[in-house]
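# Survey of secondary and tertiary structure
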Amino acid sequence: DSGVTQTPKHLITATGQRVTLRCSPRSGDLSVYWYQQSLDQGLQFLIQYYNGEERAKGNILERFSAQQFPDLHSELNLSSLELGDSALYFCASSVGGTTLEQYFGPGTRLTVT
Amino acid sequence: EDQVTQSPEALRLQEGESSSLNCSYTVSGLRGLFWYRQDPGKGPEFLFTLYSAGEEKEKERLKATLTKKESFLHITAPKPEDSATYLCAVPSLDDKIIFGKGTRLHILP
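### Overview of the overall build of chain B
Helix and strand content of chain B: 0 helices and 11 strands. Helices and strands appear in chain B in the N-to-C order β-β-β-β-β-β-β-β-β-β-β. For chain B, the C-alpha radius of gyration of 13 Å lies close to 13 Å, the compact-globule estimate for 109 residues. Within the span of chain B, comprising 109 residues, buried residues form 48% of the whole. In chain B, the proportion of contacts linking residues at least 24 apart, taken out of those at least 6 apart, comes to 53%. Surface accessibility of chain B: about 5500 Å² in total, with carbon and sulfur atoms responsible for 48%.

### Considerations on the nonpolar core
In this structure, Leu 33, Trp 35, Leu 73 and Tyr 86 of chain B are the most contacted members of the largest nonpolar core, which totals 24 residues. Secondary structure elements with two or more residues in this core: strand E2 (10–14), strand E3 (19–26), strand E4 (33–38), strand E5 (45–50), strand E7 (62–66), strand E8 (70–75), strand E9 (84–91) and strand E11 (103–108) of chain B. In terms of residue count, E9 of chain B provides more of this core than any other element does, 4 residues in total. Excluding its chain neighbours within four sequence positions, the residues that come into contact with Leu 33 of chain B are Leu 100 of chain A together with Cys 23, Tyr 25, Phe 48, Thr 49, Leu 50, Leu 66, Ser 71, Cys 88, Ala 89 and Val 90 of chain B.

### Thoughts on the side chain of Gln 102 of chain A
Considering the arrangement of structural elements, one finds Gln 102 of chain A in the loop between strand E9 (87–94) and strand E10 (103–104). Its relative accessible area of 0% is what places Gln 102 of chain A among the buried residues. A polar atom in the side chain of Gln 102 of chain A sits 2.8 Å from the side chain of Tyr 35 of chain A. Ignoring anything within four residues of it in the chain, the contact list for Gln 102 of chain A reads Tyr 33, Tyr 35, Ala 92, Ser 93 and Ser 94 of chain A together with Phe 34, Tyr 36, Phe 46 and Ile 97 of chain B.

About the criteria used
- Residues numbered from 1 in each chain as written.
- Chains lettered and ligands numbered in written order.
- Predicted model: local features only at pLDDT ≥ 70, side-chain atom pairs only at ≥ 80, totals over all residues.
- Heavy atoms only, no water.
- Helix = DSSP H or I, 4+ residues; strand = E, 2+ residues; numbered from the N terminus.
- Rg over C-alpha atoms; globule rule 2.2 N^0.38 Å.
- Buried < 20%, exposed > 50% of the residue type's maximum accessible area, 1.4 Å probe, protein only.
- Contact = heavy atoms within 4.5 Å.
- Areas by Shrake-Rupley, 256 points an atom, 1.4 Å probe, with all protein chains shown as cover.
- Core = buried A, V, L, I, M, F, W, Y, C linked by side-chain atoms within 4.5 Å.
- Polar contact = N/O pair within 3.5 Å; in protein donor to acceptor, adjacent residues only side chain to side chain.

Okay, structure coming up:
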């Protein structure tokens, strides 16, 4: 158990809908990272927040947005969902803003039908 | 373009048969390279961070090494429980984390 929690574990929704994925980092960690993992693309970095501020941005679609709240939990919002958004979404956390040692949560499996 | 390439894509070994996994990278100003292990349907589990060429780190049957162009994950006398996908990653200069596609390792008893 990494100490990072993600909810929900599974999510099934229809195209065009909007969903919110939630992540709580390990106690004491200030950074939260979001990743998307699909079979053909591997693990893709989406975005990083450090102590409430956006710190780094990867290949995150405009339909996706994220935020980190004062209690350091984070939410990833996915809107206008498409079939291709079906994937595993992982959250990770680390102590600092540039720490390479990240601890991953169990993931949320999103299925768009 | 910053890139991480892992080889082989898949590897099947007999229990006790040692081997190495490769991670080659092209990134400006390497600030570290890290290795993760991922079991099916689970989140990656942190293994090692390497910061400079020549550095080595060990954990049980695993040893990671780093050169200026690549990293190797050596697996000595593996056991079936070492079966997993091994991922390496590097941060780009603008802090995007770039993962390789991984090596799927299967150890046969």
